[in-house]
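Overview (structure and organization)
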Amino acid sequence: MVTSTQQNILTVDAEAVVVGVFSDSGMTNPAMAIDRAGGGLLARLIESKEVAGKPYELTSLWSPPGLKAPLALVVGLGEQARFDQGMAYRAAAAAARQLAGRQRGRVAFYLPGGPNGEFTASGISGALVGCQGQDLYRAEKKRHPIGEIAWAEASDAALAAGNIIGENINLARLLVNEPPQEIFPASFTARAAEIAQECGLEIEIWDQDRLERERCGSLLAVAQGSVRPPRLVMLRHSGGRPDQRPLAFIGKGVTFDSGGLSLKPSDSMKTMKCDMAGAATVLAALTAISRLKLPVNVVGIAGLVENMPSGSAMKLGDVLTARNGKTIEVQNTDAEGRLVLADVLDVALGLKPSKMVDLATLTGACVVALGVDVAGAMTNRQAWCDEVLAAARTCGEPLWQLPMFAEYRDDIRSEVADIRNTGDGRWAGAIAGGKFLEEFVGDVPWVHLDIAGPAFYDKPKPWLDAGGSGMFVRTLVELARTHSGN
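Fair warning: this is a prediction, and the values are worked out from it, not measured in the lab. Residue numbers run consecutively from 1 along every chain, following the written order of its sequence. Reporting of local features is limited, given that this is a predicted model, to residues whose pLDDT is at least 70; pairs of side-chain atoms are given and counted only at 80 or more, and all residues count toward the totals for whole chains, interfaces and linings. Where side-chain values are given, they derive from all heavy atoms of the structure, hydrogens and water being excluded.

Salt bridge, as applied in this entry: a Lys or Arg side-chain nitrogen positioned within 4 Å of an Asp or Glu carboxyl oxygen. Applying the stated criterion to the full structure yields 25 salt bridges. Close ionic contact of Lys 461 with Asp 373 constitutes a salt bridge, the shortest N to O distance being 2.7 Å. In this pair, Lys 461 sits in the loop between strand 19 (456-457) and strand 20 (467-468) while Asp 373 sits in the loop between helix 12 (364-370) and strand 15 (375-379), placing the two residues 88 residues apart along the sequence. Taking the shortest distance from any N to any O, the salt bridge between Arg 481 and Glu 478 comes out at 3.6 Å. Of this pair, Arg 481 and Glu 478 both sit in helix 15 (residues 473-482), 3 residues apart, which is roughly one turn of that helix. Where helices and strands are cited, they refer to DSSP runs of H or I of at least four residues and of E of at least two residues respectively, numbered from the N terminus.

Quick look at the nonpolar core now. Proteins that are soluble and globular tend to have nonpolar side chains buried together. Within the largest apolar cluster, 101 residues are counted, with the highest numbers of intra-cluster contacts made by Phe 109, Phe 249 and Leu 449. When residues of this core are assigned to their parent elements, the largest contribution, 11 residues, is made by helix 10 (residues 277-292). Leave out the neighbours within four places in its chain, and Leu 449 touches Val 357, Asp 358, Leu 359, Ala 360, Gly 376, Ala 377, Val 388, Leu 399 and Phe 472. With 47 residues, the next largest nonpolar core counts Leu 220, Leu 345, Leu 362 and Ile 431 among its residues. Throughout this description, the term nonpolar core refers to a set of buried Ala, Val, Leu, Ile, Met, Phe, Trp, Tyr and Cys residues connected via side-chain atoms within 4.5 Å. Between buried and exposed lies partly exposed: a residue is buried under 20% and exposed over 50% of the maximum accessible area for its type, with that area taken using a 1.4 Å probe on protein chains only. The contact rule is simple, with two residues in contact once any of their heavy atoms fall within 4.5 Å.

Before going further, it helps to spend a moment on the sheet that holds strand 12 (residues 319-321). Read from one edge of the open sheet, 3 strands run 12-13-17, paired in mixed fashion. On the outer flanks of this sheet lie strand 12 and strand 17 (419-420), each paired with one strand and no other. Pairing between strands is defined by DSSP: at least two bridges between them are needed. As judged from the 3 bridges shared by strand 12 and strand 13 (residues 327-329), these two strands associate in the antiparallel manner. Residue Val 319 lies in a different strand from strand 13, and its bridge partner there is Glu 329.

Under the pairing criterion, centres of Phe, Tyr and Trp rings, with the six-membered ring standing for Trp, must be within 6.5 Å; the plane angle then separates stacked pairs below 30 degrees from edge-to-face pairs above 60, leaving the rest tilted. Evaluated as defined, the whole model comprises 6 aromatic pairs. The interplanar angle of 40° and the centroid separation of 5.4 Å between the aromatic rings of Phe 436 and Phe 440 together place this pair among those described as tilted. Look at Phe 436 and you get buried, because its relative accessible area is 0%. Members of the aromatic cluster, joined through ring pairs, are Phe 22, Phe 83 and Phe 119. In this arrangement the basic side chain of Arg 228 is found over the ring face of Phe 184, its NZ or CZ atom lying 3.9 Å from the centre. In this structure, Lys 461 is placed above the aromatic ring of Tyr 457, and the distance from its NZ or CZ to the ring centre is 5.3 Å. Charge-over-ring placement is defined geometrically: NZ (Lys) or CZ (Arg) within 6 Å of the ring centre, and within 35 degrees of the ring normal.

Another point: the side chain of Glu 214. Inspection of the secondary structure puts Glu 214 in the loop between helix 7 (208-213) and helix 8 (217-223). Residue classification places Glu 214 among the buried residues on the basis of a relative accessible area of 15%. For Glu 214, the side chain forms a polar contact with the side chain of Arg 323, separated by 2.7 Å. Every residue in contact with Glu 214, bar those within four places of it in the chain, is listed here: Trp 206 and Arg 323. For the purposes of these results, a polar contact is taken to be a pair of N or O atoms within 3.5 Å, where, inside protein, one atom must be able to donate a hydrogen and its partner to accept one; residues adjacent in sequence count only when each atom of the pair is a side-chain atom.

This brings us to the sheet that holds strand 9 (residues 231-238). Spatially, 8 strands are ordered 8-9-11-10-14-18-15-16 in an open sheet, and the strand pairing comes out mixed. The open sheet is flanked by strand 8 (202-206) and strand 16 (399-401), the only strands paired with a single partner. Mean inter-strand twist for the sheet, computed between neighbouring axes without regard to direction, equals 20°. Sheet topology note: the strand 15/strand 16 ladder contains 3 bridges and is parallel. By the bridge assignment, Ala 377 is partnered in strand 16 with Gln 401. Each axis is a line fitted through C-alpha atoms, taken for helices only over the stretch in contact, and angles between the N-to-C directions span 0 to 180 degrees. With respect to the sheet, helix 10 is in contact with strand 9, strand 10 (247-257), strand 11 (297-307) and strand 14 (355-360), its orientation differing from that of strand 10 by roughly 140°. The sheet strands contacting helix 14 (residues 429-438) are strand 14, strand 15 and strand 18 (446-450), and the helix crosses strand 18 at an angle near 145°.

Purely geometric stuff here, so don't read any function into it on its own.
The following block contains the structure:
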């Protein structure tokens, strides 16, 4: 539960209060109030460098004099000039994560909301995310969601937005963190149908028969090695004018990726339940957009398969025919995500979208290039990519553009088919994936986000447990918000 509190921090009824300290300008006003009531204790800690205000630094003050709450948690906010929505999100999440180490009823947050309160919703969503862990099946939980998050002087709009976005980031994380025997194509679409009914989204599900009738030969080839049949799920939010062309968000949904006959090593396979993070992000973003009632038309589409080795699995050397008629030579069955997205992007084109974004845990090469915290962006239209990059910057979600020069097209040229599903050896592997997808987007402005690095944390962050991160849910919602009314 998320509520607003305007009570004096010294008298607020809570099990803990959270205040911030900047690294360059010192205490925020609520922190100053605690400092005065405590006879300058916090100031002395700052002066002695015990509290430095570095990002996500946490200091617990037990039973501070003059404070009704038994605990004040001081969180570092970094440099004041660089404090933005991303820092607000992560600072609140870091504080909530520490406090969620045991069960708590009510925690009051007194963190900066920005000149116009623009950071408040981000902070609220961060607090909701930070106190949720990946320990779904542990008898003894490491994280305990806070019973009530009370945010100082939060408006009703900020409370609602922060709560909705935080809950849906956690939805994306939950779907990714669930084990693969729980999340597979049919179960994902069943959950999507339940969620769509709850929040008023239109939903359409294509089963294997429909996919075959629609000639989705590329997607179906990936699925043919598994006993679990594929699905395509299509969600629509119709908040804009009837004549408004929709934004299209497309997600890769490989619910488990063994690599197929190009079998991954065991260590590389351990986290491959996360290979449907793109689909989870799209579902979570559409749900948030619907619950926020944004005045924009948005369609979300996810292609859902398992990539498994068997006697019926696709083989190296197979030639596939995608829905748009292009032929594809398979040179690596572990480069399967682009085969799924090829058909899903073509389905999206048929809906005549104004612009498209696809999200996929597509390549390890992108992680090699950019590391585990940054996603790669590739595009056929720079102006649209600039909008996506701006939305990501607003939300504080790290994104970096990679080039898409025409020369890279040669890397996916095949001698036996129109294109092949791999690049030229080790070089520019992430871009080869992007150039492959570009073959299926026509002239529609399109951005491909390779989220292989930040979609799943192998190790915990100060603000989040290991596992699914829910990254780019906020960016997609921000894109929909900026296009509202267009």
